[in-house]
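What follows is each chain in one-letter form.
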Amino acid sequence: MPNFIESIFIHLRQPEYVHVLLNPLPIYGLALGAIALIVAMCLKSRPAQITALLVVFIGAGSTIPVIHYGDAGYDTVDSQMSSDQADAWLDAHGQRALRSRPAFDALIALALIALFLPLKWPKTALILNCLTLLLTVADFGLAGWIGYAGGQAMHREFRAGMPPEPVGGYDKMR
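Since this is a predicted model, take the numbers as computed values, not measurements. (Residues numbered from 1 in each chain as written. Predicted model: local features only at pLDDT ≥ 70, side-chain atom pairs only at ≥ 80, totals over all residues. Heavy atoms only, no water.)

Trainee: For the state of the cysteines, give the residues involved together with the corresponding values.
Mentor: Working definition of a disulfide: a covalent bond connecting the sulfur atoms of two cysteines. Per the stated rule, a full pass over the model turns up 0 disulfides. Here C42 is not cross-linked by a disulfide; its sulfur's nearest cysteine counterpart is in C130, at 10 Å. (Disulfide = S-S within 2.5 Å.)

This is the structure we're talking about:
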């Protein structure tokens, strides 16, 4: 058993491994947060809205470590790419993540505003929840777009050609 525990700690020191562990969080968190926010708004329950907004905040906030560990592990994964297609998709994955980061940051801020501003001005809750829901759905789409490129990089069985992004541009964006 010590070998198993030891191997877990070895893997957790590898940023590319941590990235793979965390990368589903934005997609699942934003999907669940959007559903929860719709239900909470239909119920007109502020406690349910707070819970939903926290789920959205966690989903959007999880992009910070996902992008960090993806960037930190990029060189290791890039060195192991077996084809120009895989390398191009990996670059597209990184480019998409970096270009989308401001949208996730905006959702983090909006979710916090939607959590706290209604404490002082309760009538702002509905409009803030609606705006948060719209941005959550948009960011969910971005997360899927980013993840699609990552899947293309790592799974040749899903690949259908080269990515639409300029090839080799991720290194220059970092």
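Trainee: Residues and numbers for the layout of surface pockets, please.
Mentor: For the largest pocket, the calculated volume is near 680 Å³. Taken together, 30 residues form the lining of the largest pocket, with H19, N23, V66, H93 and G150 sitting closest to its centre. The greatest single-element share of the lining of the largest pocket, amounting to 8 residues, is contributed by helix α5 (residues 63-79). Partitioning the lining of the largest pocket into residue classes produces 18 nonpolar, 10 polar and 2 charged. (1 Å grid on protein atoms, 1.4 Å probe; cavity = no way out; pocket = protein on both sides within 12 Å on 5 of 7 lines; lining within 4 Å. Points joined across faces, edges and corners; volume = space filled by probe spheres on them. Helix = DSSP H or I, 4+ residues; strand = E, 2+ residues; numbered from the N terminus. Nonpolar A, V, L, I, M, F, W, Y, C, P; charged D, E, K, R; others polar.)

Trainee: Can you break down a nonpolar patch on the surface residue by residue, with the values?
Mentor: A cluster of nonpolar side chains, F4, I5, I8, F9, L12, Y17 and L21, forms an exposed patch at the surface whose accessible area comes to about 630 Å². Contributions of two or more residues to the nonpolar patch are made by α1 (2-12) and α2 (15-22). Ranked by residues supplied to the nonpolar patch, first place goes to α1 with 5 residues. Looking at the secondary structure, you find I8 in helix α1. (Patch = residues over 30% accessible without salt bridge, like charges linked within 9 Å, V, L, I, M, F, W, Y side chains within 5 Å. Areas by Shrake-Rupley, 256 points an atom, 1.4 Å probe, with all protein chains shown as cover. Salt bridge = Lys/Arg side-chain N within 4 Å of Asp/Glu carboxyl O.)

Trainee: If you had to explain the pattern of salt bridges to someone new, which residues and values would you point to?
Mentor: Evaluated as defined, the whole model comprises 1 salt bridge. Where R101 meets D105, a salt bridge forms, and the shortest distance between an N and an O atom there is 3.2 Å. With a gap of 4 residues between them, R101 and D105 both fall in helix α6 (residues 84-120), about one helical turn apart. Under the relative-accessibility criterion, D105 is labelled partly exposed at 32%. (Buried < 20%, exposed > 50% of the residue type's maximum accessible area, 1.4 Å probe, protein only.)

Trainee: Give me the packing of helix α3 (residues 24-43) against helix α4 (residues 46-61): which residues, what numbers.
Mentor: Contact geometry of α3 with α4 gives a least axis separation of 8 Å together with a crossing angle of 165°. In this view, α3 runs roughly antiparallel relative to α4, as classed from their interaxial angle. For the element pair α3 and α4, the recorded crossing hand is left-handed. Residues L25, P26, G29, L30, L32, G33, A34, A36, L37, A40 and M41 of α3 form the contact with α4, whose own contacting residues are A48, Q49, A52, L53, V55, V56, G59 and A60. Its residues placed into classes, the contact of α3 with α4 shows 15 nonpolar, 4 polar and no charged. (Axes fitted to C-alpha atoms, helices over the stretch in contact; angles between N-to-C directions. Parallel < 35°, antiparallel > 145°, perpendicular 65-115°, else oblique. Left-handed = near helix turned anticlockwise from the far one by under 90°. Contact = heavy atoms within 4.5 Å.)

Distances and angles like these do not, on their own, reveal function.
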